[in-house]
Amino acid sequence: MTNKELKQIMFDCTCGTPELRWQKMQEAQLSLQREMERLRHDGAAQCEEYKRHLQAWLCQRINGLVKPRTILSDLRLARLAQGIAYLLTAGELVLACFLGLTLHTNPGFLLLLAIVAVVAPKSLLLIWHNEAQPQLTKKRLRNWVLVPSLVTVIVAINLLFLARSVLGALALLLLPFFSGAFYLLALGAVGLSSGLFAMAFLLFWSKHAEKKFKATEQEAMNTERVYRQVQEIEKELRGAESPSAMPTPAPATLPAAEHEFGLITPLPKKTPAVVSRSLFSLLLIGALWGGGCATHEPSTVLAKTTATPTAAVTPIATVPSATLEVYVDWSLSTATQPLRQAAQALLTALPTMVEQQHIERLVFYQFGAHGWDAVEVTRLEFPRRQASAENEMGHLFGPVQEAQSAQAQTQYHDQLQATLQSLQASSFLPPADFFPEPPCTDLVGLLHRLAAAPPTTRRINILITDGHETCQQKLPSVATLTAPTIVILLPEEERSETPTPSDVQFNLRREALAQAVPNAVIVPYFHDLNAAIVTANQKGGSHL
């Protein structure tokens, strides 16, 4: 469909009464489905045609679909031949004007031949071109056009040089030949330019195929985009009106398989061994004048054609999701600045943390005198990242699949942002009027709880505490934790006359915690939590 037709469809679906929009929307969906089916068939046909031409040029069999790509070696030779042809045409025009001014002849005939030289290539290819054997077309152009024209030019130049050296009666005898040398030179230049134009047009086949395929691909992307917008309009109309108010949708006339845009066999995941390196080394010898089977390089042909599809990427939905469990020490007072800063740092890091670690659930617990029996405070469920639905349109036209993935990523970010906006620091910190405060901090019981958690599910633990075990005399060694664990260590407010400096207190309690739980990552409250999670995953639990 043209851009004008697509704009008309969007206008009909967005303007008017709901009943009229509903009718136009149904008609648009059916026509867009048919259009996408047609574009799929056109794209597949272009891929097959390109593969057929490539097999003819390489003299080898290629399996699977091949997306049209420009062959760089042919493109360089074609541009060289075209450039020389333009120079020869310009030289022939100058020569025709020279003959008309010096010999008092009418240069119109030679000028006409120079113009024909620009049009002649396609005519020659219509007569001689053999799609099954393109090498035969090159051979005919070389033997019947390029070589005779080159010989004519060489003979004419030799006669002109001879005219400068011959004297006396021999010069008078050869005068007709000398005069005809100019015409021979003009005819030879016309023949060379015609043959080189034809050769360039023949070698431009891969560039023309890629250009045609890209036009089809762009049309498919525009059609796919409008189809998605029409689907959004359908959801809007269904949500705005009751189901009984809308007409019953007409049954689609396309088969179910066609709604999925056909069943083209996916492109091969690995490059087939079409031609060996040694064979390509021999084929590279045949350049513009070569009459061999092909003039392609393996790096510019196979790497850009048969290896079009990339390696299969694991869908986002199959990555195991994780549960983030945050344990907050409620024996601390919210009046302390480090506790508030630690909470704010956690809220700031959550968007990146949830996305990178594929966190599906966030649970906050509070603990004090009973760490083993930590009480759940609040819970959040995050949207799960879903991979965009793959279809044959996406296999054939890569940008369509990229657009679908970008749309799914945008929807995920919007849902994640809306979920995180409901989370505040007051949701998991102890309230200002929390009373009575826990008599002690059972940090050992909490660590035993984390070590006893089953490793069957993927979890990440974060502890916000001052690391001071007050329910027991010392902090004993705990079994290895089964999940990555980060301890955000806060300074404890001491009311003695000579309090311990915060940095010294942090180092002493970090050493004690490191001995108790060696695979935990212990960081200060101002540390980058996402970097700490990466370190914790490397130290890891037994199930990672």
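The text that follows walks through the structure, step by step, so that each part is easy to find.

Conventions adopted
Just so you know, the residues in each chain are numbered from 1, in the order the chain's sequence is written. Totals for whole chains, interfaces and linings use every residue, but because this is a predicted model, local features are given only for residues with pLDDT of at least 70 and side-chain atom pairs only at 80 or more, for both listing and counting. Each side-chain value is worked out from all heavy atoms of the structure, with water and hydrogens disregarded. Summary of the burial criterion: residues with accessible area below 20% of their type's maximum are buried, those above 50% are exposed, and those between are partly exposed, where the area comes from a 1.4 Å probe applied to protein chains only. The numbering of helices and of strands both runs from the N terminus, where a helix is a DSSP run of H or I of at least 4 residues and a strand a run of E of at least 2. In what follows, residue pairs with any heavy atoms lying within 4.5 Å of each other are defined as contacts. Nitrogen and oxygen atoms within 3.5 Å of one another constitute a polar contact, given that in protein one can donate a hydrogen and the other can accept it, and given that sequence-neighbouring residues count only through two side-chain atoms. Salt bridges are identified by distance alone: a Lys or Arg side-chain nitrogen within 4 Å of an Asp or Glu carboxyl oxygen. In this description, the term disulfide denotes a pair of cysteine sulfurs within 2.5 Å. The span one expects for a helix is its residue count, reduced by one, times 1.5 Å. A pair of strands is labelled paired if DSSP reports no fewer than 2 bridges between them. Only the contacting stretch of a helix is used when fitting its axis, a line to C-alpha atoms as for every element, and angles between N-to-C directions run 0 to 180 degrees. Centres within 6.5 Å are what make two rings of Phe, Tyr or Trp a pair, Trp counting through its six-membered ring; a difference in plane orientation under 30 degrees is then read as stacked, over 60 as edge-to-face, and the rest as tilted. Exposure above 30% relative accessible area and the absence of a salt bridge qualify a residue for a patch, where like charges join within 9 Å and nonpolar side chains (Val, Leu, Ile, Met, Phe, Trp, Tyr) within 5 Å. Working definition of accessibility: Shrake-Rupley area with a 1.4 Å probe, residue cover restricted to the visible protein chains.

### As for helix α15 (residues 443-452)
Here is step 1 of the chain: Here α15 lies mainly inside the structure; seven of its 10 residues are buried.
Here is step 2 of the chain: Within the sequence span of α15, burial applies to Leu443, Val444, Gly445, Leu446, Leu447, Leu450 and Ala451.
Here is step 3 of the chain: Tucked into the core, α15 has its buried residues touching β1 (322-329), β2 (359-367), β4 (459-465), β5 (485-489) and α16 (502-516).
Here is step 4 of the chain: The opening residue of α15, the one whose side-chain oxygen lies 3.0 Å from the backbone nitrogen of glycine 445, is aspartate 442.

### Topic: the pattern of salt bridges
Here is step 1 of the chain: One pass over the structure, following the stated rule, counts 12 salt bridges.
Here is step 2 of the chain: Notably, a salt bridge pairs glutamate 37 with arginine 40, separated by 3.0 Å at the nearest N-O pair. Within this pair, glutamate 37 and its partner arginine 40 are both found in helix α2 (residues 18-58), separated by three residues, close to a single helical turn. Summarising the burial analysis for this pair, glutamate 37 and arginine 40 share the class buried.
Here is step 3 of the chain: Across the pair glutamate 376 and arginine 379 runs a salt bridge, and its minimum N-O distance is 3.0 Å.
Here is step 4 of the chain: Residue glutamate 376 is classed as partly exposed on the basis of its relative accessible area of 38%.

### Some points on the state of the cysteines
Here is step 1 of the chain: Under the criterion given, the structure shown has one disulfide.
Here is step 2 of the chain: Disulfide pairing places cysteine 440 opposite cysteine 471 at an S-S distance of 1.9 Å. One disulfide, between cysteine 440 and cysteine 471, carries an S-S torsion of 90° and so falls in the right-handed class. Separated by 31 residues along the polypeptide, cysteine 440 in the loop between α14 (398-420) and α15 and cysteine 471 in the loop between β4 and β5 bring together distant segments of the chain.
Here is step 3 of the chain: No disulfide involves cysteine 13; its sulfur sits 9.8 Å from the nearest other cysteine sulfur, which is in cysteine 15.

### Examining the side chain of glutamate 234
Here is step 1 of the chain: Along the chain, glutamate 234 falls in helix α8 (residues 205-240).
Here is step 2 of the chain: Excluding residues within four positions of it along the chain, glutamate 234 makes contact with Trp22, Met25 and Gln29.

### Let's talk about α2
Here is step 1 of the chain: An ideal rise of 1.5 Å per residue puts 60 Å on 41 residues; α2 measures up with 58 Å between its terminal C-alpha atoms.
Here is step 2 of the chain: Downstream of α2 by one or two residues, cysteine 59 has phi in the positive range, about 60°.

### What about the sheet that holds strand β6 (residues 521-524)?
Here is step 1 of the chain: Read across the sheet, six strands follow the order β3-β2-β1-β4-β5-β6 without closing on themselves; strand pairing throughout is mixed. Across the chains shown, the open sheet's two edge strands, defined by having one partner strand only, are β3 (375-381) and β6. When strand polarity is set aside, the average angle formed by the axes of neighbouring strands in this sheet is 20°.
Here is step 2 of the chain: The pairing of β2 with β3 spans six bridges and is antiparallel. Following the sheet pairing, leucine 362 is matched in β3 by leucine 380.
Here is step 3 of the chain: Where helix α12 (residues 337-357) meets the sheet, it contacts β1, β2, β4 and β5, and its direction lies at approximately 170° from that of β4.

### Some points on the environment of tyrosine 183
Here is step 1 of the chain: Its place among the elements puts tyrosine 183 in helix α7 (residues 175-203).
Here is step 2 of the chain: Taking the C-alpha atoms as reference points, tyrosine 183 and leucine 95, separated by 88 residues in sequence, lie 9.0 Å from one another.

### Description of the packing of aromatic side chains
Here is step 1 of the chain: In the structure shown here, the tally under the stated rule is six aromatic pairs.
Here is step 2 of the chain: An angle of 5° between the planes, with centres 6.2 Å apart, marks the rings of tryptophan 57 and tryptophan 205 as stacked. On the criterion of sequence distance, the pair formed by tryptophan 57 in helix α2 and tryptophan 205 in helix α8 is long-range, its members being 148 residues apart. Like tryptophan 57, the residue tryptophan 205 is buried in the burial classification.
Here is step 3 of the chain: Ring plane angle 10° and centroid distance 4.8 Å describe the contact between tyrosine 327 and tyrosine 365, whose orientation is recorded as stacked. In this pair, tyrosine 327 sits in strand β1 while tyrosine 365 sits in strand β2, placing the two residues 38 residues apart along the sequence. Each member of the pair, tyrosine 327 as well as tyrosine 365, carries the same accessibility label: buried.
Here is step 4 of the chain: Every member of this aromatic cluster is reached through a ring pair, and the members are Tyr50, Trp57 and Trp205.

### A word on a nonpolar patch on the surface
Here is step 1 of the chain: On the surface, Val147, Val151, Val155 and Leu184 cluster together into a nonpolar patch covering about 270 Å² of accessible area.
Here is step 2 of the chain: Take the nonpolar patch: its biggest share by element is three residues, from helix α5 (residues 134-163).
Here is step 3 of the chain: Note that leucine 184 resides in helix α7.
Here is step 4 of the chain: When its relative accessible area of 33% is taken as the criterion, leucine 184 is described as partly exposed.

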